[in-house]
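An overview of the molecular structure
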Amino acid sequence: QVQLVESGGGLVQPGESLRLSCKSSARIFSMYNMAWYRQAPGKQRELVASMTNSPRTTYADSVKGRFTISRDNGKSAVYLQMNSLKPEDTAIYYCKSWRYDWDDVWGQGTQVTVSS
């Protein structure tokens with residue numbers, strides 16, 4: 001069973017940056033698709049960015065131009081660089097990996113708070 005561990009969350013002011021990391025225990029990490037989701041209080045979990053094993057990337061409209069997803073297959077890790085953070089980016093950020101429709105694995109989440 002693959003395990004994911006996120007890190008890098010914290011409290012920042014509007015306009016600042018954070019870089020989230022997600023480390024996978026997958027034996028062949030390069031075969032996995034990866035994504036970042038977030039869930040704000042009282043809201044549904046939403047897709048922020050994804051990167052397939054191709055790799056092909058997608059972004060939510062709300063983060064395009066500000067967030068960048070990347071991966072390092074040698075380190076079995078995926079990253080989310082978040083720039084120009086806004087208060088509405090405040091949420092718990094989760095990492096997800098999958099190969100097929102039935103094998104989603106989620107990390108435990110990392111809190112990002114954007115506040116002055």
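No experiment lies behind these values; they were computed from the predicted model shown. (Residues numbered from 1 in each chain as written. Predicted model: local features only at pLDDT ≥ 70, side-chain atom pairs only at ≥ 80, totals over all residues. Heavy atoms only, no water.)

With respect to the secondary-structure elements, D72 resides in strand β7 (residues 67-72). Spatially, the C-alpha atoms of D72 and R38 are 21 Å apart, while their sequence positions differ by 34 residues. Setting aside its immediate chain neighbours within four residues, D72 contacts F29, A77 and Y79. (Helix = DSSP H or I, 4+ residues; strand = E, 2+ residues; numbered from the N terminus. Contact = heavy atoms within 4.5 Å.)

Before going further, it helps to examine the packing of aromatic side chains. In total, this model carries three aromatic pairs according to the counting rule given. A centroid spacing of 6.4 Å and a plane angle of 85 degrees characterise the contact between Y94 and W106, whose relative ring orientation is edge-to-face. Taken together, the residues span a long stretch of sequence, with Y94 in strand β9 (residues 91-98) and W106 in strand β10 (residues 105-106) at a distance of 12 residues. In textbook terms, an aromatic cluster arises when at least three aromatic residues are bridged by ring pairs, as seen for Y37, Y94 and W106. If you follow R19 out to its NZ or CZ, it ends over the ring of Y79, 4.0 Å from the centre. Positioned over the ring face of W98 is K96, at 4.7 Å from the centre of the ring. (Phe/Tyr/Trp six-rings, centres within 6.5 Å; stacked < 30°, edge-to-face > 60°. Lys NZ or Arg CZ within 6 Å of the ring centre and 35° of its normal.)

What follows is about the state of the cysteines. The full count for this structure, using the stated rule, is one disulfide. Through a disulfide, C22 is tied to C95; the S-S separation comes to 2.1 Å. Residues C22 and C95 are joined by a disulfide whose S-S torsion is about -85 degrees; by sign, that bridge is left-handed. Of this pair, C22 sits in strand β3 (residues 18-24) while C95 sits in strand β9; the two residues are 73 residues apart in sequence, bridging distant segments of the chain. As far as burial versus exposure is concerned, C22 and C95 are alike and both buried. (Disulfide = S-S within 2.5 Å. Buried < 20%, exposed > 50% of the residue type's maximum accessible area, 1.4 Å probe, protein only.)

With that settled, consider the sheet that holds β3. Taken in spatial order, the four strands line up as β1-β3-β8-β7 in an open sheet, and their pairing is antiparallel. Of all the strands in the sheet, just β1 (4-7) and β7 have a single pairing partner and so form its edges. Here the strands of the sheet are splayed against their neighbours by 15 degrees on average, with no regard to which way each runs. In terms of strand pairing, β7 meets strand β8 (residues 77-82) through six bridges, oriented antiparallel. What sits directly across from D72, in β8, is A77. (Pairing = 2+ DSSP bridges. Axes fitted to C-alpha atoms, helices over the stretch in contact; angles between N-to-C directions.)

Note that all results are geometric; they support no functional claim without further evidence.
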